[in-house]
Every structure is written in structure tokens, then in C-alpha cells.
Amino acid sequence: MNPKMIFWDFDGTLGYRRDGMWGASMLEALQKHDPDTKITAPDFKPFLTTGFPWHQPNISNPPNLSPSAWWAPILNQFARGYEHCGIEKELSLALARTAREIFIDLARWALFDDTIPTLTQLSQKGWKHAIVSNHIPELKQIVQSLQLWEHIDGFINSAEVGYEKPNPAIFNFALQMSGHPPEVWMIGDNIEADYFGAEAAGIRAILVRSEDARASRRCQCLTEVISWVEGA
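Note that the structure is predicted; figures quoted are calculated from it, not measured. (Residues numbered from 1 in each chain as written. Predicted model: local features only at pLDDT ≥ 70, side-chain atom pairs only at ≥ 80, totals over all residues. Heavy atoms only, no water.)

## Structural notes on the packing of aromatic side chains
Overall, the coordinates contain 15 aromatic pairs when judged by the stated rule. With centroids separated by 6.0 Å and ring planes inclined at 45 degrees, the aromatic side chains of W54 and W70 adopt a geometry described as tilted. Note that W54 is positioned in the loop between α1 (22-33) and α2 (67-84) and W70 in helix α2, a separation of 16 residues in sequence. Residue classification places W54 among the partly exposed positions, given a relative accessible area of 21%. Looking at W70, the relative accessible area reads 5%, which means it is buried. Aromatic side chains W70 and W71 sit 5.4 Å apart centroid to centroid with 80 degrees between the ring planes, which places their arrangement in the edge-to-face category. The exposure class of W71 is buried, given its relative accessible area of 0%. (Phe/Tyr/Trp six-rings, centres within 6.5 Å; stacked < 30°, edge-to-face > 60°. Helix = DSSP H or I, 4+ residues; strand = E, 2+ residues; numbered from the N terminus. Buried < 20%, exposed > 50% of the residue type's maximum accessible area, 1.4 Å probe, protein only.)

In C-alpha cells, the structure reads:
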């Protein structure tokens with residue numbers, strides 16, 4: 001059992017995608033086909049607010065889905081977005097597949113500057129680290145490509161376990177995996193998924209890189225997390 005464990009969200013907390021998220025990937029795919037398109041990334045937004053697993057976190061999904069099975073409903077949303085913008089169906093499906101490849105391109109992902117220094121300092125103080133993230137099936141490859149894997153002692157991806165934060169099941173899974181440590185924290189940038197979700201599961205949480213007065217513990221940079229968890 002690890003006596004001191006920190007659960008970390010990934011996207012927006014430890015790392016980020018350099019070139020924007022879903023709408024940006026869809027637009028880039030379209031621009032490869034039509035460089036002069038007048039369509040913009042916000043045009044796709046209505047089709048990116050539903051249809052993803054984390055939009056219904058109270059519903060469990062089959063665990064260990066293949067990447068193609070996990071992506072299928074997402075690609076359907078992409079295709080619907082393209083069709084809404086006047087693109088014919090067959091091309092919309094092709095563009096959706098291209099958008100997926102653009103999104104998962106490992107070269108597009110990066111860590112925040114304070115990620116490795118913070119994890120290193122906390123490790124020196126006896127803390128273990130686990131990623132607990134709502135993410136795509138390829139997250140493990142992203143983490144490995146960023147040389148983050150060597151700093152991580154546990155890895156829980158909603159795409160693999162079938163539960164999305166703030167569903168208490170994913171936090172319970174994380175606690176069980178880590179041996180129910182007596183000291184445990186959740187660090188993340190999403191007030192609902194990371195902060196309220198963890199607190200509801202009995203895990204103290206810190207909101208990072210986000211301003212929301214509803215969170216009694218919050219900070220802008222990860223290095224501030226050290227004083228929070230060490231001073232508790």
C-alpha cells in the first residue's frame with residue numbers, strides 16, 4: 001500500500017494539446033481538404049457538447065473497449081458536425097477519421113512547465129502519483145511519449161475502466177487500485193469532475209489552473225499543491 005497518494009487529472013492539469021481540442025482538429029482536417037473553407041472551429045461546437053462518454057458520467061460504459069469501438073460515437077458526432085456545415089455524408093465520414101488522427105498525433109501534446117518539477121518534489125517527500133483521467137484510449141501512449149510515465153505509479157483512464165469522473169465508481173476504482181491509502185488527494189482543473197467528484201467520494205481535492213470560488217482549495221500553478229498536501 002502507498003501511504004501517501006495523489007490522483008492527477010491529465011488534460012488541463014498535467015498536460016495539454018498544443019493545437020486546440022476537438023473543434024480545432026475537425027477544422028484542420030477540413031482545411032487539408034479545402035484550404036479556402038470559410039467554416040470555423042466554433043461552427044462545430046453544437047456537436048461537441050453531447051455524444052462523448054463524459055457528457056453522461058452517470059452511465060457506465062463497457063470496460064476495455066477497443067479504440068475503434070470507443071471512437072465510433074465520437075466520429076459520428078464529427079461527421080454530423082461536418083454534414084451540418086453542408087459537407088456531403090461520405091466526405092464527412094472521411095474527414096471525421098482524419099480529425100481523429102490529427103487529434104491523437106503524439107507530437108501535438110505537451111506538459112506544463114511545472115508538471116515534472118512538482119511531481120519530482122512530491123515524490124521526494126514520499127508521495128506516489130496516479131493519473132485518473134477522462135480521456136481517449138490513446139492516453140497511455142501520450143503519457144509515455146511525454147516521458148511522464150516514469151513519474152507515475154498508477155494509471156486509470158475512463159476509456160479503459162468504463163466510468164467517467166465525477167462518477168464515484170472511478171474514484172472507488174482508484175482507491176482500490178492504490179490500496180486505500182490513508183492520505184489521498186485529487187488534483188484537477190475541472191470543478192465538477194475533479195473537485196466535486198473527488199470530494200463526494202471522500203477524497204480531498206484541489207482545483208488547479210481554474211478560478212472558481214466554490215472550491216475552498218485552489219491554486220494557479222502545480223507547485224502550490226506541495227504546500228497544500230504537505231500542510232494538511
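Now that the structure has been shown, we can carry on.
## Overview of unusual backbone geometry
Across the junction of K165 and P166, the peptide omega takes the value 10 degrees, indicating a cis bond. Its identity as a non-glycine residue notwithstanding, N64 has a phi of 55 degrees, on the positive side. Along the polypeptide, N64 turns up in the loop between α1 and α2. By relative accessible area, N64 is classed as exposed at 62%.

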